[in-house]
Amino acid sequence: MAETKILMIPLEEKNGFYMEISDSLQKALTLPLIQTFSLHCGQETVKTKASFIRNEKIVLYASEEIYNALHLPIKSLTLRLQYDKFTNTFKLGPVICVLIDSIQDDEKIQFGNIDDFCKEMANYCAEIGAFFCISTLTDLQQNQKKGFHLSHQNWKKETIPCPDVIYNRIRSRKLEYSQKYLKFLQFAAANDIPVFNHRYLNKWEIHKIFASNQHLLPYLPKTMLLTKKSDLQVFVNDFQDVFIKPINGSQGRRIIRLKNRNDLFEIYFTHPGKSEQPIIFHSFQEMYKHLFPYLKREPHIIQQTIDTIKLDNRPLDFRFLCHKINHQDWKITSSVARLSAKDQFVSNLAKGGELYKIKKILSDIFDKSTCLHLCSILSEIALEAAKTVEMNVEGEYGEFGIDMAVSEDQKPWILEVNTKPSKNIEYSLNPSIRPSAKAIIRYCYLISGYDVS
């Protein structure tokens, strides 16, 4: 199937289904000089008359009736155009949609901490040829699908074509377990629409996947699912210093650190409103009684605390953004070091952490040789972790955020995997469109059947 990037421009003075094809476009796709074609976008197809015009640009002029029938905003669009000579059909796309929870209409629509990232993806689509939009479960399951597209750097809600590929950025785990989301997945499957970053993966299932991989097992902190009081008692006696983490937690929220200092038990919280100072108990029973109201709300894991390297007595860890680049390979698009805020035991930006370049901060701690070795092995483990998770879970995944640490004995450790990593953690040589935004769009091209090159 022949394919090229085109500029699609509205024809304001023509009625009915009519388009004009530049001779440059005709040559690029080796089009027959006939007067009727089928034009397809999303789930809509129109029969349209066509004429050929002299123009040095690869351009397609289309009547407003065509725009409306294909549910495209009436404006100039940079898209890819595929031509199937056997069916005499053009296909416009790809239509790339980011799926979010919901949004309340107001004067200036924004999408929280992914707003800038979405604008970067939209601008990259305009550069290389794709229609980018944002929608919700409700809007995508209507007959006339609604969504937001970028117009003069502001989001505008209109009818949109049915997507060719959907990137899941729903933040609510509850919504992902709902019948509404299940029906959406059934709709996507019935219409051959790939959905990637299928769902959140919890900490316990990730741990079990890694624990079954002999290459990754040495880099896992000792971890178990907290099911009863005796689990915690044995674990804290064995390791003296442990983390208690909700299996569905994120951004360093609701984490508890527990230390056993000669049967004096210290509890540290990351819960909002909780003091950063430890709460001290003189017995395990007394301590557990205090913790139980928190533990019963949701499942937790217990994990040994890794004595990570520090700078100015502040713990340090690392985030690697990994993206799938073809049907089997992954690459690291971004990596950063995160330094915890003073007196904090988590490094998340939401908790006051700071970002640094990995090589720069490791060179402040180690000699050059050790620094280069650690950078290399951390990257290798991150890529192996991304491949391992993807191979062992149901659904399509195109990106992971792999959190790692290095202990005082220079050993790497895998701390966590994020299926919907934050978009605030990334260094870029090109601040206008960061590497991960380009990686996501290129992956959308790949799985929607368009030319990724």
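Below is a short write-up of the structure.

Scoring rules and cut-offs
- All residue numbers here refer to positions counted from 1 along the written sequence of the relevant chain.
- Two thresholds apply to this predicted model, a pLDDT of at least 70 for residue-level local features and 80 or more for giving and counting side-chain atom pairs, whereas whole-chain, interface and lining totals are computed over all residues.
- The side-chain figures draw on all heavy atoms in the structure; neither hydrogens nor water molecules are used.
- When DSSP locates at least two bridges between a pair of strands, those strands are taken to pair.
- Put simply, DSSP H or I for four residues or longer makes a helix, DSSP E for two residues or longer makes a strand, and each gets a number counted from the N terminus.
- A fitted line through C-alpha atoms represents every axis, and for helices the fit uses only the stretch in contact; the resulting angles, taken between N-to-C directions, go from 0 to 180 degrees.
- For this analysis, residues touch if any pair of their heavy atoms sits within 4.5 Å.
- Classification of residues uses two cut-offs on accessible area relative to the type maximum, computed with a 1.4 Å probe and protein chains only: under 20% is buried, over 50% is exposed, and between them is partly exposed.
- By definition, a salt bridge exists where a carboxyl oxygen of Asp or Glu is found within 4 Å of a side-chain nitrogen of Lys or Arg.
- Pairing of N or O atoms within 3.5 Å defines a polar contact, subject to two protein rules: one partner must be a possible hydrogen donor and the other a possible acceptor, and residues neighboring in sequence count only if both atoms are side-chain atoms.

1. Focus: the sheet that holds strand 15 (residues 241–246)
No. 1: Read from one edge to the other, the open sheet built from six strands follows the order 14-19-15-16-17-18, with strand pairing classed as antiparallel. Taken across any chain shown, the strands that pair with only one partner, and hence form the sheet edges, are strand 14 (223–226) and strand 18 (279–281). For this sheet the average axis-to-axis angle between neighbouring strands, irrespective of direction, equals 25 degrees.
No. 2: Bridge count for strand 16 (residues 256–261) against strand 17 (residues 264–269) is six bridges, and the pairing is antiparallel. When the bridges of strand 17 are listed, Ile256 appears paired with Phe269.
No. 3: Strand contacts of helix 7 (residues 203–211): strand 14, strand 15 and strand 19 (300–304), with the helix running at about 145 degrees to strand 14, the strand carrying the most contacts.

2. Comments concerning the environment of Ala386
No. 1: Residue placement: Ala386 occurs in helix 11 (residues 368–391).
No. 2: With a relative accessible area of 0%, Ala386 lands in the buried category.
No. 3: Considering only alpha carbons, one finds Ala386 and Glu120, 266 residues apart in sequence, at a separation of 24 Å.

3. Description of the environment of Ser436
No. 1: Of note, Ser436 is situated in helix 12 (residues 435–448).
No. 2: Residue Ser436 is classed as buried on the basis of its relative accessible area of 0%.
No. 3: Taking the C-alpha atoms as reference points, Ser436 and His323, 113 residues apart in sequence, are found 7.5 Å from one another.

4. Topic: the sheet that holds strand 3 (residues 36–41)
Remark on secondary structure: sheet strands pair via backbone hydrogen bonds, oriented parallel or antiparallel.
No. 1: One closed barrel accounts for seven strands, arranged 1-5-2-4-3-7-6; its pairing is mixed. Direction aside, neighbouring strands of the sheet carry axes that sit 40 degrees apart on average.
No. 2: Along the sheet, helix 3 (residues 115–128) contacts strand 1 (2–11) and strand 6 (77–84); its crossing angle with strand 6, the most-contacted strand, is approximately 50 degrees.

5. Section: the pattern of salt bridges
No. 1: Counted according to the given criterion, the structure contains 22 salt bridges.
No. 2: With a shortest N-O distance of 3.0 Å, Lys310 and Asp307 are connected by a salt bridge.
No. 3: Under the relative-accessibility criterion, Asp307 is labelled partly exposed at 47%.
No. 4: Residue Arg319 is joined to Asp403 by a salt bridge in which the shortest nitrogen-to-oxygen separation is 2.4 Å. Pair noted here: Arg319 is in strand 21 (residues 314–324) and Asp403 is in strand 24 (residues 399–406), with a separation of 84 residues, a long-range link.
No. 5: Linked by salt bridges that have partners in common, Asp317, Arg319, Arg338 and Asp403 make up one network.

6. Some thoughts on the side chain of Glu120
No. 1: Its location among the elements puts Glu120 in helix 3.
No. 2: Reaching out from Glu120, the side chain makes a polar contact with the side chain of Arg434 at a distance of 2.6 Å.
No. 3: Discounting chain neighbours no more than four positions away, the residues touching Glu120 are Ser432, Ile433, Arg434 and Ala437.

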